[in-house]
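Chain by chain, the residues run as shown.
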Amino acid sequence: MKNTHITAILLLTMSLVSAHADPQDEATKAPLANEAYTPGLGDIMGPIQMRHAKLWFAGANKNWALAAYELDEIKEGFGDAARFQPDFKGRPVAKMVEGIIEPKLAVVEKAIVAKSQQQFTRAFNQLTKACNACHQSAGYGFISIQRPTQPPYSNQRFKVE
Ligand code: HEC
């Protein structure tokens, strides 16, 4: 009985040691550390949603520097969407970004540069419509975006002092 135990332990130890030394195993483990992380489209959209809200409150408070910053971040987000998920479940995301949202981002940018609140409000509404147009054509019409009614965070000031 005792011997069987020892044999079992020995076998187990040997298999553990050999598993550890197996170069094939090391090869499959090693790339994990450098493996490139590809963000999912939903992971990219989350921050875009937050910045869409911040953009609104920046513009509503005539904080044009912040509005320009948030717009830039949104552009980067869509750039990532086009780069990492150019073809999301058969939807040509890169082309949709270019055709649906980029022209609207350009209109918002113009309004920010002009520091015109009236232009900004109109451009922001168009941008929001474009978010939904893309969701609809991608089969995600149930994700419906609107102009925010409250700042997304209470610990950030949107008004310029
Ligand atoms: C290129 C088309 C496209 C455009 C433009 C687009 N979206 Fe999306 N969005 C999607 C798709 C597709 C999904 C679903 C992604 C998934 O399931 O991984 C999504 C998902 C989302 C989600 C859900 C994320 C979650 O985890 O709940 C939000 C919020 C969102 N988008 C906000 C926005 C906002 C705000 C805009 C405009 C500023 C926008 N989207 C513009 C295609 C788009």
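Up top is the structure these notes are about.
To start, this report covers the structure provided alongside it. (Residues numbered from 1 in each chain as written. Predicted model: local features only at pLDDT ≥ 70, side-chain atom pairs only at ≥ 80, totals over all residues. Heavy atoms only, no water.)

Examining the coordination of the iron atom of the ligand
Binding of the iron atom of the ligand to the protein goes through Met-45 (SD) and His-135 (NE2), at separations of 2.0 to 2.4 Å. In this structure, the iron atom of the ligand is coordinated by 6 donor atoms arranged in octahedral fashion, with angles at the metal of 85 to 179°. Taken together, the residues Met-45 in helix H4 (residues 41-60) and His-135 in helix H7 (residues 117-137) connect sequence positions 90 residues apart. Of the residues examined, Met-45 reaches a relative accessible area of 28% and is grouped as partly exposed. On the basis of relative accessible area, His-135 is assigned to the buried category, the value being 14%. (Donors = N, O, S within 2.8 Å, 3.2 Å for Na, K, Ca; no water. Tetrahedral: all angles 85-135°; square planar, octahedral: opposite > 155°, others 65-115°. Helix = DSSP H or I, 4+ residues; strand = E, 2+ residues; numbered from the N terminus. Buried < 20%, exposed > 50% of the residue type's maximum accessible area, 1.4 Å probe, protein only.)

Describing helix H6 (residues 93-114)
Taking 1.5 Å of rise per residue, 22 residues should cover 32 Å, and H6 covers 30 Å from first to last C-alpha, within 8% of that figure. The sharpest bend along H6 comes to roughly 45°, located at Ile-101, with the proline Pro-103 sitting one to four residues further on. Residues of H6 that are buried include every one of Val-93, Met-96, Val-97, Ile-101, Leu-105, Val-108, Ala-111 and Ile-112, and no others. Looking at the buried positions of H6, the neighbouring elements they touch are H4, helix H5 (64-84) and H7. A positive phi of about 50° marks Lys-115, the residue just after H6. (Expected span 1.5 Å × (residues − 1). Bend = angle between axes of the 7 residues up to and from the residue. Contact = heavy atoms within 4.5 Å.)

Structural notes on the packing of aromatic side chains
Within this structure, the stated rule accounts for 7 aromatic pairs. Where Tyr-140 meets Phe-142, the ring centres are 5.6 Å apart and the plane angle is 45°; that geometry is what we call tilted. For Phe-142, a relative accessible area of 65% translates into the label exposed. Through a chain of ring-to-ring contacts, three or more aromatic side chains come together here, namely Trp-56, Trp-64, Phe-120 and Phe-124. (Phe/Tyr/Trp six-rings, centres within 6.5 Å; stacked < 30°, edge-to-face > 60°.)

A closer look at H4
Taking 1.5 Å per residue as the helical rise, H4 with its 20 residues ought to reach 28 Å, and the 28 Å between its terminal C-alpha atoms agrees with that figure. Among the residues making up H4, those that are buried are Leu-41, Ile-44, Ile-48, His-52, Ala-53, Lys-54, Leu-55, Trp-56, Phe-57, Ala-58 and Gly-59. Looking at the buried residues of H4, the elements they touch are H5, H6 and H7.

Let's talk about the environment of Gly-46
Looking at where Gly-46 falls in the secondary structure, it is placed in helix H4. Classification of Gly-46 as partly exposed rests on a relative accessible area of 32%. For the pair Gly-46 and Gly-77, spaced 31 residues apart in the sequence, the C-alpha separation amounts to 9.6 Å.

The quantities given are spatial measurements derived from coordinates; they are silent on function.
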